Amino acid sequence: MAAHTRYFETNMGLENQRAHPCFLTPEGAKKHPERIYSDHLPILITVPLEDGTSITIISFNLLNPTTHSGLHDASKNESEWTSNEQTELRYQRIVEGLKAAIAKHDVSIVLLQEASNEDILFNLLKQLGPEWCIQISEYGLISCYNRNRFAISKDKPATSLFDQGHKAHAFNLIELETSLPLSIYNVWGTHSEFPEGHEKR
């Protein structure tokens, strides 16, 4: 998905500086809102399991339209950098990209942050289909898993956590084929330039 946001310009002045090679510059984002996905890169990771198999996970911060965008002028508020129509189209692009990545990389779990907008939920339900369970947290987190491979643990209920700005949705799965228990944490932490030990919370 990040590859679709590549829009190379000559680095001349602040308006043409980019935070990452895969991101639009502020000027490019202003001219081409149809190329915006998020101001975060999606993370694709494969985790080895005890039984010798593995699970592939996508984690992606979707950039809530009511918060500051890292792709735009910091002085602009929400109404100036996006519109409801642009947000709806952006979420469609994101979910279409997620669906393609799931198929290409055999993804079993999708963890989304800054995902409190109803449009993203509507698109997930429409695109992913009934084989995916979609769990919604009260703190703008959406966690999805493939029902063909996993079931939610009945012994350990899901929990939502909020601690000093760090948001987390914790849930427990059972792999259907092996009965292997898994604990999954969808975390949306606050940014810091210093090591805070967030993972210990």
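Along each chain, residues carry numbers from 1 onward, in the same order as the chain's sequence is written. For this predicted model, a pLDDT threshold of at least 70 governs which residues receive local features, and a threshold of 80 or more governs which side-chain atom pairs are given and counted, while totals over whole chains, interfaces and linings are taken from all residues. Remark: hydrogens and water are excluded; side-chain values derive from all non-hydrogen atoms of the structure.

(A) Molecular detail of the overall build of the protein chain. Broken down by element type, the protein chain carries four helices and nine strands. What you see in the protein chain, going N to C, is helices and strands ordered as α-β-β-α-α-β-α-β-β-β-β-β-β. Relative accessible area decides the class of each residue, using a 1.4 Å probe on protein chains only: under 20% of the type maximum gives buried, over 50% gives exposed, and in between gives partly exposed. Looking at the protein chain as a whole, 43% of its 201 residues are labelled buried. Looking at the protein chain alone, contacts between residues at least 24 apart form 53% of all its contacts between residues at least 6 apart. Numbering goes from the N terminus for both helices and strands, where a helix is a DSSP run of H or I of at least four residues and a strand is a run of E of at least two. Contacts are assigned to residue pairs that have any heavy atoms within 4.5 Å of one another.

(B) Up close: the sheet that holds strand 2 (residues 54–61). For two strands to count as paired, DSSP must find a minimum of two bridges between them. Spatially, 1-2-3-5-4 is the arrangement adopted by the five strands of the open sheet, whose pairing is mixed. If you trace the sheet from one side to the other, it starts and ends with strand 1 (43–48) and strand 4 (132–136), each paired once. On average, adjacent strands in this sheet sit at an angle of 15° to one another, irrespective of strand direction. Looking at chain direction, strand 3 (residues 109–113) and strand 5 (residues 142–146) are connected through four bridges and run antiparallel. In the strand pairing of strand 5, Val110 is matched with Cys144. Orientation is described by axes fitted as lines to C-alpha atoms, over the contacting stretch for helices, and by angles from 0 to 180 degrees between their N-to-C directions. This element, helix 3 (residues 84–105), spans strand 1, strand 2, strand 3 and strand 4 of the sheet and lies at about 165° to strand 2. Running over the sheet, helix 4 (residues 118–128) touches strand 3, strand 4 and strand 5 and is turned about 170° from strand 4.

(C) View of the environment of Glu131. Here Glu131 shows up in the loop between helix 4 and strand 4. It is 5.3 Å that separates the C-alpha atoms of Glu131 and Arg147, two residues lying 16 residues apart in sequence. With residues up to four places along the chain from it excluded, the contact list for Glu131 reads Tyr145, Asn146, Arg147 and Asn148.

(D) Molecular detail of the packing of aromatic side chains. To pair, rings of Phe, Tyr and Trp, with the six-membered ring standing in for Trp, must have centres within 6.5 Å; the planes then decide the type, stacked if under 30 degrees apart, edge-to-face if over 60, and tilted in the middle. Within this structure, the stated rule accounts for one aromatic pair. Here, a charge over a ring means that NZ of Lys or CZ of Arg falls within 6 Å of the ring centre while also lying within 35 degrees of the ring normal. For Lys167, the ring lying beneath its charged end belongs to Trp188, and the centroid distance is 4.2 Å.

(E) A look at the confidence of the model for the protein chain. The pLDDT averaged across the protein chain works out to 79; a share of 73% of its residues lies at or above 70. Counted against residues more than four places away or in other chains, residues 1–15, with its pLDDT under 50, gives 38 contacts. Confidence of the predictor in every single residue is expressed as pLDDT, which spans 0 to 100.

(F) Main features of helix 4. Buried within helix 4 we find Ile120, Asn123, Leu124 and Leu128. Along the axis of helix 4, the buried residues cluster in a sector spanning 105°; they form a single face. Relative to its buried face, helix 4 has exposed residues pointing more than 90 degrees away, namely Glu118, Phe122, Leu125 and Lys126. As for helix 4, its buried residues are in contact with helix 3, strand 3, strand 4 and strand 5. A positive backbone phi angle near 90° is found at Gly129, which sits one or two residues after helix 4. To be clear, the arc concerns the directions from the helix axis to the C-beta atoms.

(G) Spotlight on helix 3. One less than the number of residues in a helix, times 1.5 Å, gives the span that helix is expected to have. With 22 residues, helix 3 should reach 32 Å at 1.5 Å per residue; the first-to-last C-alpha distance of 31 Å fits that figure. When helix 3 is considered as a whole, its buried residues turn out to be Thr87, Arg90, Tyr91, Arg93, Ile94, Val95, Gly97, Leu98, Ala101 and Ile102. Downstream of helix 3 by one or two residues, Asp106 has phi in the positive range, about 55°.

(H) The pattern of salt bridges, seen in detail. Within this document, salt bridges are pairs made up of a side-chain nitrogen of Lys or Arg and a carboxyl oxygen of Asp or Glu, the two lying within 4 Å of each other. Taken as a whole and assessed by the stated rule, the structure comprises one salt bridge. Between Glu175 and Arg149 there is a salt bridge, and its shortest N-O distance comes to 2.7 Å. On the criterion of sequence distance, the pair formed by Glu175 in strand 8 (residues 166–175) and Arg149 in the loop between strand 5 and strand 6 (150–152) is long-range, its members being 26 residues apart. Of the two residues examined, Glu175 and Arg149, each falls in the buried class.

(I) Main features of the nonpolar core. Counting residues in each nonpolar core, the largest one holds 21 residues, and the members touching the most others are Leu62, Ile94, Val110, Leu112, Ile120, Leu124 and Ile142. When contributions to this core are tallied by element, the ones reaching two or more residues are strand 2, helix 3, strand 3, helix 4, strand 4 and strand 5. Broken down by element, the residue count for this core peaks at six residues, all from helix 3. Among residues more than four places away in sequence, those in contact with Leu62 are Tyr37, Ser38, Arg90, Tyr91, Ile94, Leu112, Gln113, Glu114, Ala115 and Ile120. Definition used in this section: a nonpolar core is a set of buried Ala, Val, Leu, Ile, Met, Phe, Trp, Tyr and Cys residues joined via side-chain atoms within 4.5 Å. Within the second largest apolar cluster, 13 residues are counted, among which are Leu49, Ile57, Leu111 and Leu180.

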